[in-house]
Amino acid sequence: MITGVYNNTNTYANQYAVNTGLTGRINDTARAGGVIANPGESTKVSPGRKSSPAECEACRNRKYKDGSDEMVSFKSAAHISPQASASRVRAHEQEHVSNAFRDAAKKNGKVLAANVSLKTSICPECGRSYVAGGTTATKIQYSNEDNPYTKNRKALDSLSFLGGNLDLAV
């Protein structure tokens, strides 16, 4: 399972757009000393939003961390850009599915179901949609031949199949 974590530290001041002369992507607030947190993004502020995607500190500081007890990626918090969040979270959740198949193979089990769900969200600051996290649910059936209930079930099943294929040709 991977979840988004917000880290809103405002210590970043990127002058990339001003220093490289990308004047076509800079709005008036950036020219007046505003911070371009995400170079190359749109500087248009949507109605009802605090900032544009280029100036969004929440998108720049958003971090993802895995909360499971498995050895997979994102055990320590790491940043994923909103554009790459879908593929990176999907790949992370696939690691959980692979681990389930590996564990089932080691312990004489069978994976009955593996379901991955991704959660999307909208950034409250700039209005950009992104994948906020995901969960993986797996169902594994392990056979236990020493269990008396399993032995009894097999004995009953064998009795129900006796005489099922009887050929009475004369």
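Conventions used here
- Position numbers for residues start from 1 in each chain and track the written sequence from start to end.
- Under the rules for a predicted model, residues below a pLDDT of 70 receive no local features and side-chain atom pairs below 80 are neither given nor counted, while totals for whole chains, interfaces and linings still include all residues.
- Think of the side-chain values as coming from all heavy atoms in the structure, minus any hydrogens and water.
- What makes a nonpolar core is a set of buried Ala, Val, Leu, Ile, Met, Phe, Trp, Tyr and Cys residues whose side-chain atoms join them at distances within 4.5 Å.
- Three labels apply to residues, based on accessible area from a 1.4 Å probe with only protein chains included: buried if under 20% of the type maximum, exposed if over 50%, partly exposed otherwise in between.
- Strands here mean DSSP runs of E at least two residues long; helices mean DSSP runs of H or I at least four residues long; both are numbered from the N terminus.
- Contact criterion: two residues are considered in contact whenever any of their non-hydrogen atoms come within 4.5 Å of each other.
- Strands are treated as partners if at least two bridges between them are detected by DSSP.
- Expected span, for any helix, means 1.5 Å times one less than how many residues it has.
- Whenever a nitrogen or oxygen atom comes within 3.5 Å of another N or O atom, the pair is scored as a polar contact, on the condition that within protein one atom can donate a hydrogen and the other can accept it, and that pairs from neighbouring residues in sequence are kept only if both atoms are in side chains.

Could you clarify how one ought to interpret the nonpolar core in this entry?
Side chains of nonpolar character tend, in soluble globular proteins, to be buried together. Core analysis: the largest hydrophobic core is formed by twelve residues, namely Cys56, Ala58, Cys59, Tyr64, Phe74, Ile80, Val89, Cys123, Cys126, Tyr130, Val131 and Ala132. The set of elements that each furnish at least two residues to this core consists of α3 (57-61) and β5 (129-142). With three residues, the single largest contributor to this core is β5. The residues contacting Val131, other than those within four sequence positions of it, are Tyr64, Ser85, Ala86, Val89, Leu118, Lys119 and Thr120.

Sorry if this is basic, but what is going on with the pairing of strand β2 (residues 63-66) here?
The side chains of a regular strand alternate between the sheet's two faces. Only one face of β2 is covered, namely the one carrying Tyr64 and Asp66; the face carrying Lys63 and Lys65 has none of its residues buried. Note: β2 against strand β3 (residues 78-79), two bridges, orientation antiparallel. Counterpart to Tyr64 in the pairing with β3 is Ala78.

Could you clarify how one ought to interpret helix α5 (residues 148-161) in this entry?
With 14 residues, α5 should cover 20 Å at 1.5 Å per step; its first-to-last C-alpha distance of 20 Å lies within 8% of that length. The buried fraction of α5 is low, at one of 14 residues. At the N-terminal boundary of α5, the capping side chain belongs to Asn147, with an oxygen 3.1 Å from the backbone nitrogen of Tyr149. Gly163, located one to two residues past α5, shows a positive phi value of around 80 degrees.

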